[in-house]
Structures are given as C-alpha cells and as structure tokens.
Amino acid sequence: MSEDAARRAADRIRAGRDLPYSVGLVLGSGLGSLADAVTDAVRIPFADLEGFPSSGVSSHRGEVVAGRLEGVPVVVYSGRAHYYERGDAAAMRVPIATLKALGCDTLILTNAAGSLRGETGPGDIMLITDHINFAGANPLIGEPTDARFVGLTGAYDASLRAALLGAAEREGIRLATGVYMWFSGPSFETPAEIRAARTLGADAVGMSTVPEVILGRFYRLRVAAVSTITNFAAGMTGAELSHEETKRLAPIGATKLERILRRFLGDRGLR
Ligand code: HPA
C-alpha cells in the first residue's frame, strides 16, 4: 500500500526531529538549485526510500531535502519521475502521500515547459491556472475506493495563486498565467499538435506535473504549479526542440522562480 510506504518514508525523513512541515515542493528540470538553499537539511536519495521512483532524467537528482526555506519547514523533492520513463502515471504516488504523512497541507510543483504564446518566451515564468490532460493517463486508475473520483474544478488553489502572484509582484518579476497541457512525451510535440493545443486552449505544454496535481488533490493538499518557459513550442520558430535546450535554459527562469518561491514562503507566515 502506498500509504504504508509513505508512513515509513515519513519516519525516515523526520529523522527524529519534530519539524512542523507544511509545504512540499517538487523541483523540475534545471530547477534543483533551490534545494541547495534549504537549511537544517536532511538529505535522502529517492533510491533509499521504498516506493520512491528512481528517476532516470539527466537533469534530475532524485533526492529528498527536508529542512527550512525562509524559516518555513519544507520538504523538497529535487527531481521527479515522469510518465514517459516507465508508463506509470502513479510513479509519484508514494512521494506525494509522504508529504501528507509528514503533515504538509500545501504542494507546489514546478516544471519546464514550452510556451504557445508569443509574448511569453524562454526565461519567463508562468503560473498554471488549469490543465488539459492530453496524455489521457491518470495516476488514480486502479485505486479501488470512491476517493478516486477527485474533483479538479478548483485544482489550482485560488489563494495560493493570489499569494504567488503577489510574491512575484513584490519581487518585480512578471509572472504570466495560463493553461498547461500535458503531453506524455518523451518525444516533443509536432507543429500540428501545437496548433491543435492552441485551439483547445493551452498556453504551455509539458511532460509532467498533471499526475502530481491529481495525486495532490487525492491527498487533499492545496496545490499550485509554476512553469519556467524554456522554449517556444514546436513550429513557432524554425528551431528543432531538444532536451539540451531545456537543460540549458531552465536555470535562467529558475533564478526568477526561486526568488518568487522564497518571497512566497517568507511572506506568508506559513509556519
Ligand atoms: N514540450 C514539452 N515539454 C517541454 C517543452 C516542450 O516544448 N519544453 C520543456 N519541456
């Protein structure tokens, strides 16, 4: 059972300390540097925790870093598992359940994404307001209880969104808002798929996050998600897309995202 594994993982992460964890943070491609800012850190590789994924993506570390950020007790996951690695949409179930077991009530997800909007480009940040599950997979398939019928109308918590927008404003950083469309990957989209995505209402596309949003709501966490834009989506420029480009450009937006998240934590008195 995921919940049993989560309880055992939570005991390891607590490491005999009684920190009142409130926020879980998942750091996507090229965004791992925020984990280095955690103080009083307990660091545990995913590989040492039962039920945690062993992520094979070259820009991900796969490590739990629990401690404080801006004084707020946080559990940071530096790296995540993606659906495209093994075809398992529930690969992040135990890590998300572990946040709940540790007492967190808030989950903040980050990712790298391609933009469909000309005015939001590489190095910009987009707050996700809603998603389109275009991969068609779902981490709750196989969950036997009625709890699987999770409502997603307010999946991206309105008060967290307002707080993140406020933090960005106080930092003087433009924070775009928009709809994130989940493609399974690992191949990038075609230009025709991007035109279709735009018609369907997407502002950005990516290969992650949506399963974790669903799991976060399943565990009744308040959820927010932010994308760093690493590229214009397929067909918007002449260029071919590549993971190298994602890795190269993610740190540019990551610096802004870090400032927003630290301001958000510091200002909220989430302790
Ligand atoms: N598509 C899908 N995933 C991505 C992209 C993209 O253009 N950029 C970064 N992650």
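For every chain, the first residue of its written sequence is number 1, and the numbers climb from 1 along that sequence. With the structure being a predicted model, the display of local features is reserved for residues of pLDDT at least 70 and the display and counting of side-chain atom pairs for 80 or more, all residues being used for whole-chain, interface and lining totals. The side-chain quantities take in all heavy atoms of the structure and omit both hydrogens and water.

K.L.:
Teacher, can you tell me more about the site of the ligand here?
P.N.:
Here a residue counts as near a molecule or strand whenever at least one of its heavy atoms sits within 4 Å of it. Inspection of the region around the ligand gives Ala112, Ala113, Gly114, Phe188, Glu189, Val205, Gly206, Met207, Thr230, Asn231, Leu241 and Thr246 as its neighbouring residues. Within the backbone of glycine 114, one N or O atom sits 3.3 Å away from a nitrogen atom of the ligand. Nitrogen and oxygen atoms within 3.5 Å of one another constitute a polar contact, given that in protein one can donate a hydrogen and the other can accept it, and given that sequence-neighbouring residues count only through two side-chain atoms. Note that a nitrogen atom of the ligand is positioned 2.8 Å from one of the side-chain N or O atoms of glutamate 189. Taken together, the elements giving at least two residues each to the shell around the ligand come down to strand E5 (106-115), strand E8 (204-206) and strand E9 (222-232). The way it works is that DSSP assigns letters per residue, a run of H or I at least four long becomes a helix, a run of E at least two long becomes a strand, and they are numbered from the N terminus. Take the shell around the ligand: its biggest share by element is three residues, from E5. Under this grouping Gly is polar, as are all residues other than the nonpolar Ala, Val, Leu, Ile, Met, Phe, Trp, Tyr, Cys and Pro and the charged Asp, Glu, Lys and Arg. Looking at the shell around the ligand residue by residue, the class counts come to six nonpolar, five polar and one charged.

K.L.:
How should the side chain of threonine 228 be read in this particular structure?
P.N.:
Checked against the element boundaries, threonine 228 lands in strand E9. Here, residues are in contact when the closest pair of their heavy atoms is within 4.5 Å. Ignoring any residue separated from it by four or fewer positions in sequence, one finds threonine 228 in contact with Leu31, Asn111, Ala112, Ala113, Asp124, Ile125, Ala250, Gly253, Ala254 and Leu257.

K.L.:
Sorry, what's going on with helix H5 (residues 158-171) here?
P.N.:
Owing to its 3.6 residues per turn, the α-helix brings residues three or four apart onto one side. Helices are assigned an expected span. That span is 1.5 Å times one less than the residue count. Along its 14 residues, H5 runs 20 Å from first to last C-alpha, staying within 8% of the 20 Å computed at 1.5 Å per residue. Considered for burial, the residues of H5 that qualify are Leu160, Ala163, Leu164, Gly166, Ala167 and Ala168. Of the surrounding elements, those touching the buried residues of H5 are E5, strand E6 (125-133), strand E7 (175-182), E9 and helix H8 (243-268). Positive phi appears at glycine 172, one or two residues downstream of H5, with a value of about 70°. Think of it in three bands: residues with accessible area under 20% of the maximum for their type are buried, residues over 50% are exposed, and the middle band is partly exposed, with areas taken using a 1.4 Å probe on protein chains only.

K.L.:
It is not clear to me how the packing of aromatic side chains should be interpreted in this structure. Could you clarify?
P.N.:
Aromatic ring pairs are reported here in terms of the distance separating the ring centres and the angle at which the planes meet. Working definition: a ring pair exists when centres of Phe, Tyr or Trp rings (six-membered ring for Trp) sit within 6.5 Å. Plane angles under 30 degrees give stacked, over 60 give edge-to-face, the rest tilted. Enumeration over the complete set of coordinates arrives at six aromatic pairs. Residues phenylalanine 46 and tyrosine 77 carry aromatic rings whose centres are separated by 5.8 Å and whose planes lie at 85° to one another, so their mutual orientation is edge-to-face. One end of the pair, phenylalanine 46, is in the loop between strand E2 (39-45) and strand E3 (63-69); the other, tyrosine 77, is in strand E4 (residues 72-78), with 31 residues separating them in the sequence. In this structure phenylalanine 46 comes out as buried when scored by relative accessible area, which is 2%.

K.L.:
It is not clear to me how the pairing of E7 should be interpreted in this structure. Could you clarify?
P.N.:
Looking down a regular strand, the side chains alternate between one sheet face and the other. Of all the eight residues making up E7, seven are buried; the element is thus mostly covered by neighbouring parts of the structure. In this analysis, strands are considered paired if DSSP registers two or more bridges between them. Pairing between E6 and E7: eight bridges, direction parallel. Within E7, the position partnered with isoleucine 128 by the bridge is glycine 178. Across three bridges, the pairing between E7 and E8 is parallel. Note on E8: the bridge partner recorded for tryptophan 182 is glycine 206. Whether a crossover is right-handed comes down to one check: with the strands pointing away from the viewer, does the path from the first strand over the helix to the second run clockwise; if it does, it is right-handed. As for the winding sense of the linkage, the β-α-β connection from E7 through helix H6 (residues 191-200) to E8 is right-handed.

K.L.:
Is there a simple way to think about the side chain of serine 227 in this case?
P.N.:
Inspection of the secondary structure puts serine 227 in strand E9. We classify serine 227 as buried; its relative accessible area is 0%. Here the side chain of serine 227 touches asparagine 111 through a polar contact of 2.7 Å, side chain to side chain. If we ignore the near neighbours within four places in the chain, the residues touching serine 227 are Asn111, Ala113, Asp124, Ile125, Met126, Ile128 and Tyr180.

K.L.:
I'm lost on the packing of H5 against H8 in this one. Help?
P.N.:
What describes two packed helices is the angle between their axes and the distance between those same axes. For helices, the fitted line uses only the C-alpha atoms of the stretch in contact; every axis is such a line through C-alpha atoms, and the angle between N-to-C directions lies from 0 to 180 degrees. Following both chains from N to C, one finds H5 and H8 inclined at 110°, their axes separated by 8 Å at the closest point. One way to sum up the angle between H5 and H8 is to call them roughly perpendicular. Where H5 crosses over H8, the handedness of that crossing is right-handed. Every residue of H8 that contacts H5 at Leu160, Ala163, Leu164, Ala167, Ala168, Arg170 and Glu171 is listed here: Arg259, Ile260, Leu261, Arg263, Phe264, Asp267 and Arg268. Roughly parallel refers to an angle under 35 degrees, roughly antiparallel to one over 145, roughly perpendicular to one between 65 and 115, and oblique to any angle outside these ranges. Here a crossing is called left-handed whenever its near helix is offset anticlockwise from the far helix by less than a right angle, and right-handed whenever the offset is clockwise.

K.L.:
I keep staring at unusual backbone geometry and nothing clicks. Help me out?
P.N.:
For residues that are not glycine, phi is negative in most cases, and the peptide bond is trans in most cases. Omega for the bond connecting glycine 185 with proline 186 falls within 30 degrees of zero, at 0°, which places this linkage in the cis form. Tracing the backbone shows proline 186 in the loop between E7 and H6. Located in the positive-phi region is glutamate 70, a residue other than glycine, with phi close to 50°. A positive phi angle is found at arginine 220, which is not glycine, with a value near 55°. Structurally, the position occupied by arginine 220 is in the loop between helix H7 (210-218) and E9. Note on arginine 220: relative accessible area 65%, which makes it exposed.

K.L.:
Sorry if this is basic, but what is going on with the pattern of salt bridges here?
P.N.:
Basic side-chain nitrogens of Lys or Arg form a salt bridge, by our definition, when they fall within 4 Å of a carboxyl oxygen of Asp or Glu. A full pass over the atoms with the stated rule returns 19 salt bridges. As a salt-bridge pair, glutamate 70 and arginine 262 come within 2.7 Å of each other at their nearest N and O atoms. You can see glutamate 70 sitting in the loop between E3 and E4 and its partner arginine 262 sitting in helix H8, a full 192 residues away along the chain. Given a relative accessible area of 30%, arginine 262 falls into the partly exposed group. In this structure, glutamate 244 engages lysine 247 in a salt bridge whose closest nitrogen and oxygen atoms are separated by 3.8 Å. A residue pair is termed a helical-turn pair when its members lie 3 or 4 positions apart in one helix, as glutamate 244 and lysine 247 do in helix H8 at three residues. Connected through shared salt-bridge partners, Arg170, Glu171, Arg259, Arg263 and Asp267 make up one network.

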